[in-house]
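Given next are the chains, with one letter for each unit.
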Amino acid sequence: MQYNVELIPYYDDFARTLNWYKDEELCMQIDGIPNPYNIERLQKMYRYLCKNGDCWYITANGELVGDITLLNTGEIAIAICKEYQNMHIGREALELVLQKAKQKGFKEVFAKIYAFNIRSKIVFEAMGFSHKNGEVYLRAI
């Protein structure tokens, strides 16, 4: 199935997003520990992301399916809910964020990816990121 992927500015929708972050596998991909979020932790995370960068929801054919942030440091953080992973939605969202990073004047961006997160490594490498050291994947813009 082909998806029309768009980024929309973040707004509070904890009822929907908490369901994503209750998934232990998703939490493992993001945080390296299978610790599901509660509402307080979710709110704290989004407040941090919005304070320290630009945060968007990822939509696929109008449905909220994840979030992506471009932090002021140039770090990109992305989460796609389990039901929409492995459908190239993350790649399309990354492409949109790379365009935004370029517009903001970034010369390079990076992502931190845990060694066990093979799916994310594949996606970021396919998008031109290279392994720098440790968990860091870097891409010039």
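Here's a quick rundown of the structure. (Residues numbered from 1 in each chain as written. Predicted model: local features only at pLDDT ≥ 70, side-chain atom pairs only at ≥ 80, totals over all residues. Heavy atoms only, no water.)

Here's the deal with the packing of aromatic side chains
Point 1. Evaluated as defined, the whole model comprises eleven aromatic pairs.
Point 2. The interplanar angle of 40° and the centroid separation of 6.4 Å between the aromatic rings of F14 and Y46 together place this pair among those described as tilted. Placement of F14 in helix α1 (residues 14-21) and of Y46 in helix α3 (residues 39-51) is noted, with a sequence separation of 32 residues between them.
Point 3. With a centroid separation of 6.4 Å and 65° between ring planes, the pair formed by Y46 and Y57 is classed as edge-to-face. Of this pair, Y46 sits in helix α3 while Y57 sits in strand β2 (residues 53-60), and the two are eleven residues apart along the sequence. (Phe/Tyr/Trp six-rings, centres within 6.5 Å; stacked < 30°, edge-to-face > 60°. Helix = DSSP H or I, 4+ residues; strand = E, 2+ residues; numbered from the N terminus.)

Focus on the sheet that holds strand β5 (residues 108-112)
Point 1. As summarised here, the arrangement of the three strands in space is β5-β7-β6, forming an open sheet in which the pairing is antiparallel. Strands at the two margins of the open sheet, each flanked by one partner only, are β5 and β6 (130-133). Pairwise comparison of adjacent strand axes, ignoring direction, gives a mean angle of 35° for this sheet.
Point 2. The sheet contact formed by β6 and strand β7 (residues 136-140) spans three bridges and is antiparallel. Bridge pairing in β7 links S130 to L138. (Pairing = 2+ DSSP bridges. Axes fitted to C-alpha atoms, helices over the stretch in contact; angles between N-to-C directions.)

Quick look at the nonpolar core
Point 1. Among the nonpolar cores identified, the biggest contains 43 residues, and Y21, Y46, I58, I68 and I76 are the most heavily contacted of them.
Point 2. Examining the composition of this core, we find that six residues originate from one element, helix α4 (residues 89-103), more than from any other.
Point 3. The residues touching I76, leaving out its near neighbours within four places in the chain, are I68, T69, L70, L94, V97, L98, V109, F110, A111 and F129. (Core = buried A, V, L, I, M, F, W, Y, C linked by side-chain atoms within 4.5 Å. Buried < 20%, exposed > 50% of the residue type's maximum accessible area, 1.4 Å probe, protein only. Contact = heavy atoms within 4.5 Å.)

Focus on the pattern of salt bridges
Point 1. Under the counting rule described, the total for this entry stands at eight salt bridges.
Point 2. For R47, the salt bridge goes to D12, with nearest N and O atoms at 3.1 Å. Of this pair, R47 sits in helix α3 while D12 sits in the loop between β1 (5-9) and α1; the two residues are 35 residues apart in sequence, bridging distant segments of the chain.
Point 3. By relative accessible area, R47 is classed as partly exposed at 42%.
Point 4. Between R119 and E25 there is a salt bridge whose closest N-O contact spans 2.8 Å. Taken as a pair, R119 in helix α5 (residues 118-126) and E25 in helix α2 (residues 24-31) lie far apart in primary sequence, 94 residues in all.
Point 5. Residue classification places E25 among the partly exposed residues on the basis of a relative accessible area of 33%. (Salt bridge = Lys/Arg side-chain N within 4 Å of Asp/Glu carboxyl O.)

Focus: the side chain of E75
Point 1. Structurally, E75 is set in the loop between β3 (63-71) and β4 (76-80).
Point 2. For E75, which is buried and forms no salt bridge, the nearest opposite charge comes from K112, at a distance of 4.1 Å.
Point 3. Leaving out residues up to four positions away in the same chain, E75 has contacts with T69, L70, F110 and K112. (Lys, Arg positive; Asp, Glu negative; His and termini not counted.)

Digging into α3
Helical geometry: 3.6 residues make up each α-helical turn, so side chains three or four residues apart lie on a common side.
Point 1. With 13 residues, α3 ought to run about 18 Å at 1.5 Å a step, and its terminal C-alpha atoms sit 18 Å apart, in line with that.
Point 2. Taken residue by residue, α3 has L42, M45, Y46 and L49 as its buried positions. For α3, the buried positions fall inside an angular range of 90° around the axis, keeping them on one side. Along α3, exposed side chains directed more than 90 degrees from the buried face belong to E40, K44 and K51.
Point 3. Where α3 starts, the residue carrying a side-chain oxygen 3.2 Å from the main-chain nitrogen of E40 turns out to be N38. (Expected span 1.5 Å × (residues − 1). Arc of directions from axis to C-beta. Polar contact = N/O pair within 3.5 Å; in protein donor to acceptor, adjacent residues only side chain to side chain.)

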